[in-house]
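A look at the structure
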Amino acid sequence: MSLKEEINRRRTFAIISHPDAGKTTLTEKLLLFGGAIHIAGAVKSNKIKKTATSDWMEIEKQRGISVATSVMGFNYGDYKINILDTPGHQDFAEDTYRTLTAVDSVIIVVDVAKGVERQTRKLMEVCRMRNTPVIIFVNKLDREGRDPFDILDELESELKIRVRPLSWPINIGEKFKGVYNIYESSLDLFTPDKQRVSERVEIDSLDDERIDEAVGDADAAKLREDLELIEGVYPEFDKADYLRGEVAPVFFGSALNTFGVKELLDCFVQIAPSPRPIEAEERTVNPDEDGFSGFVFKIHANMDPNHRSCIAFVKICSGRFERNAPYKHIRSNKTLKFAAPTAFMAQKKSIVDEAFPGDIVGIPDTGNFKIGDTLTSGEELHYKGLPSFSPEMFKYIENADPMKAKQLDKGIQQLMDEGVAQLFVNQFNGRKIIGTVGQLQFEVIQYRLEHEYGAQCRWEPLSLYKACWIESDDAEALAAFKKRKFQFMAADRDGRDVFLADSPYVLQMAQNDFPKIRFHFSSEF
Ligand code: G4P
């Protein structure tokens, strides 16, 4: 197969949702259709059990599972599908943000009873930053939930994207009868069953009497009425709008009952994008270029303290990746060869000889890689940095064992390179501040510093609201701001200016008082 053909058949995406909406269940059902697994229940959730939140070693053990399921590759018809898994626990949201930089599209799962929840809103913001095409699957139709029109309105207003239903439910909860597939003009009847696929009713058009026979006169009439309304309210589905990230097709179903999932998958492979051109600092790189290039979007540490080894996950952006070929590691300017790159097929990890754009390879590493590093077959390219978002929690990190200062510094640096949390250095007092999304990350850092580096740390409370990356076209204004706020100025890992606002009010005042300064809540602007 030519490089172009390999690229065109690839679909690399992530499934995102608020915890409990059904991401794991949907993933599993997609794997069932791809023949990658044969029975339901085979996918281990990397969701962290709620009871375990105070015991993070247990969490890490559970997270260990996610190395195997980090990328799930399988063939579906002519397509090669790569699902990139994202951590279920929201304290590891930063991992999810980074994974989203390595996908070409996203499926969002929403619980029909709960609608759009916080985590989903935040993840959608990341998709919007990159115009990532999004498909929405409204799940759990077998349970009582909200009116589908209300859900559509909420999706539009909360996720700030136009929506277009491509399937439509007939009733909901106990009375749920099935979905009408608008995209294919077909009708599927619901039978609650975890293993079996739904029953399809052959129909010629929406007027077909077989619909009335299948679901009853009243529901058939309601379906026709709903669809008329949909056709009147929502413009026809336009694939180009979807690919630009401007409109999100919506499907309804029940992942647990394998219902509406095949419709989703069949439509997905047809409309979802194959690997797209990617922006590097120097130029736009097309996937079908001859030269290989890729970037590291995730580093998974081995939890065995005696072997500080990791797996670096590399997303292939262009060309053909080959085992043992010399590749340039741009940041260090070194040539590296990889003898044991692994690929992820049907839940198995195995050494591969070659891989193509859209694929993810896992490279065993002993500390060469940082998140965001670029690899190429020679060209000097830098893929744009992965975005960091303002952390939600901040603490000073202090050395608790004066004899081990060096170990602590090294540990902090390496853990930050791995993307465990964010480090800021206060410009006023030189103290180190660690920013995280959740409390769990502090525990992870403390434990790993102790067990992997032999260093002891202590946390000191710090009450901050947000870290904002600042810039200005006016050097004088920038200098004046930094002077006025010198106690609250910090440098991020790359030495960029960050303003630490301790309350929404302070931030608002700063924005009012310094109109020439731009405040950003993500490092990518
Ligand atoms: P997540 O990865 O997004 O966190 O969600 P997950 O798939 O684990 O699903 C969360 C819960 O919702 C699970 O129940 C799952 O069985 C259930 N679920 C998923 N899809 C559907 C659906 O279509 N209908 C109904 N009624 N339930 C659904 P649980 O009790 O938390 O776990 P389990 O003991 O069933 O595994």
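Overview of the structure. No experiment lies behind these values; they were computed from the predicted model shown.

**Here we look at the overall build of the chain**
On a plain count of helices and strands, the chain comes out with 14 helices and 31 strands. Within the chain, the proportion of its 525 residues that are buried is 56%. Considering only contacts within the chain whose residues lie at least 6 apart along the sequence, 72% involve residues at least 24 apart. In the structure as shown, the chain presents an accessible area of about 22,500 Å², 48% of it carried by carbon and sulfur atoms.

**Quick look at the environment of S472**
Mapped onto the secondary structure, S472 falls in the loop between β28 (466-471) and α13 (475-484). Spatially, the C-alpha atom of S472 lies 10.0 Å from that of F514, the residues being 42 residues apart in sequence. Only 3.0 Å separates the side chain of S472 from the backbone nitrogen of D474, close enough to count as a polar contact. Within polar-contact distance, the side chain of S472 engages the backbone oxygen of K516 at 2.8 Å.

**Some remarks on the nonpolar core**
If you look at the biggest cluster of nonpolar residues, it comprises 87 residues, and the most contacted ones within it are L100, I108, I136, V138, L155, W168 and F369. Here the element with the most residues in this core is strand β15 (residues 310-318); it accounts for 7 residues. Leaving out residues up to four positions away in the same chain, I136 has contacts with I108, V110, L155, L159, V163, A248, P249, V250 and F251.

**As for the site of the ligand**
Looking at the ligand, there are 17 residues lining it, with D20, K23, T24, T25 and S254 nearest. Between the ligand and K23 there is a distance of 2.8 Å, counted from an oxygen atom to a backbone nitrogen or oxygen. A distance of 3.1 Å is found between an oxygen atom of the ligand and a side-chain nitrogen or oxygen belonging to N139. Contact with the protein chains hides 69% of the accessible area of the ligand, taken as 700 Å² for the molecule alone.

**A short note on the environment of G253**
Turning to its location among the elements, G253 is positioned in the loop between β11 (247-252) and α10 (261-271). Its relative accessible area of 0% is what places G253 among the buried residues. Once you skip the residues sitting within four places of it in the chain, G253 turns out to touch F137, V138, N139, K140, L141, F259 and G260.

**Looking at the sheet that holds strand β9 (residues 186-189)**
The strand order across the open sheet formed by 4 strands is β7-β8-β9-β10, and the pairing between neighbours is antiparallel. The open sheet terminates on both sides in strands that have one partner only, identified here as β7 (167-170) and β10 (199-201). The mean angle between the axes of side-by-side strands here comes to 25°, regardless of whether they run parallel or antiparallel. As judged from the 4 bridges shared by β7 and strand β8 (residues 178-181), these two strands associate in the antiparallel manner. Pairing of I170 across the sheet is with G178, part of β8.

**As for the packing of aromatic side chains**
Using the criterion set out here, one finds 23 aromatic pairs in the structure. Look at F295 and Y383: their rings are 5.7 Å apart centre to centre, the planes differ by 50°, and that puts the pair in the tilted class. Taken together, the positions of F295 in strand β14 (residues 293-301) and Y383 in the loop between β23 (374-376) and β24 (393-399) put the pair 88 residues apart, joining distant regions of the chain. Residue classification places Y383 among the buried residues on the basis of a relative accessible area of 4%. Through successive ring pairs, a cluster of aromatic residues spans F481, F499, F514 and F519. Positioned over the ring face of F442 is K395, at 4.6 Å from the centre of the ring. The ring centre of F521 lies 5.9 Å from the NZ or CZ of K466, which sits over that ring.

**Considerations on the sheet that holds strand β27 (residues 457-461)**
Ordered in space as β27-β24-β26-β25-β29-β30-β28-β31, the 8 strands form an open sheet in which the pairing is antiparallel. The open sheet has two edge strands with one neighbour each: β27 and β31 (518-520). Looking at each pair of strands side by side, their axes are set apart by 40° on average, direction ignored. With 3 bridges connecting them, β28 and β31 associate as antiparallel partners. Bridge pairing in β31 links W469 to H520. Along the sheet, helix α14 (residues 504-513) makes contact with β28, β30 (497-501) and β31, crossing β30 at roughly 130°.

**Quick look at helix α8 (residues 217-233)**
For α8, which comprises 17 residues, the first-to-last C-alpha distance of 24 Å matches the rise-based estimate of 24 Å (1.5 Å per residue) to within 8%. Buried within α8 we find D219, A220, L223, D226, L227 and I230. Looking straight down α8, one finds its buried side chains confined to an arc of 125°; they lie on one side. Turned more than 90 degrees away from the buried face of α8 sit D217, A218, E225, E228, G232 and V233, all of them exposed.

**Quick notes on the packing of helix α11 (residues 405-417) against helix α12 (residues 439-453)**
For the pair α11 and α12, interaxial distance at closest approach is 10 Å and the crossing angle is 120°. Judged by the angle between their axes, α11 and α12 are oblique. The crossing of α11 and α12 is right-handed. The residues of α12 that touch α11, namely those facing Q407, L408, K410, G411, I412, Q414, L415 and M416, are I445, R448, L449 and Y453. For the contact of α11 with α12, the class distribution of residues is 7 nonpolar, 3 polar and 2 charged.

Definitions and limits used
- Residues numbered from 1 in each chain as written.
- Predicted model: local features only at pLDDT ≥ 70, side-chain atom pairs only at ≥ 80, totals over all residues.
- Heavy atoms only, no water.
- Helix = DSSP H or I, 4+ residues; strand = E, 2+ residues; numbered from the N terminus.
- Buried < 20%, exposed > 50% of the residue type's maximum accessible area, 1.4 Å probe, protein only.
- Contact = heavy atoms within 4.5 Å.
- Areas by Shrake-Rupley, 256 points an atom, 1.4 Å probe, with all protein chains shown as cover.
- Polar contact = N/O pair within 3.5 Å; in protein donor to acceptor, adjacent residues only side chain to side chain.
- Core = buried A, V, L, I, M, F, W, Y, C linked by side-chain atoms within 4.5 Å.
- Near = heavy atom within 4 Å.
- Pairing = 2+ DSSP bridges.
- Axes fitted to C-alpha atoms, helices over the stretch in contact; angles between N-to-C directions.
- Phe/Tyr/Trp six-rings, centres within 6.5 Å; stacked < 30°, edge-to-face > 60°.
- Lys NZ or Arg CZ within 6 Å of the ring centre and 35° of its normal.
- Expected span 1.5 Å × (residues − 1).
- Arc of directions from axis to C-beta.
- Parallel < 35°, antiparallel > 145°, perpendicular 65-115°, else oblique.
- Left-handed = near helix turned anticlockwise from the far one by under 90°.
- Nonpolar A, V, L, I, M, F, W, Y, C, P; charged D, E, K, R; others polar.

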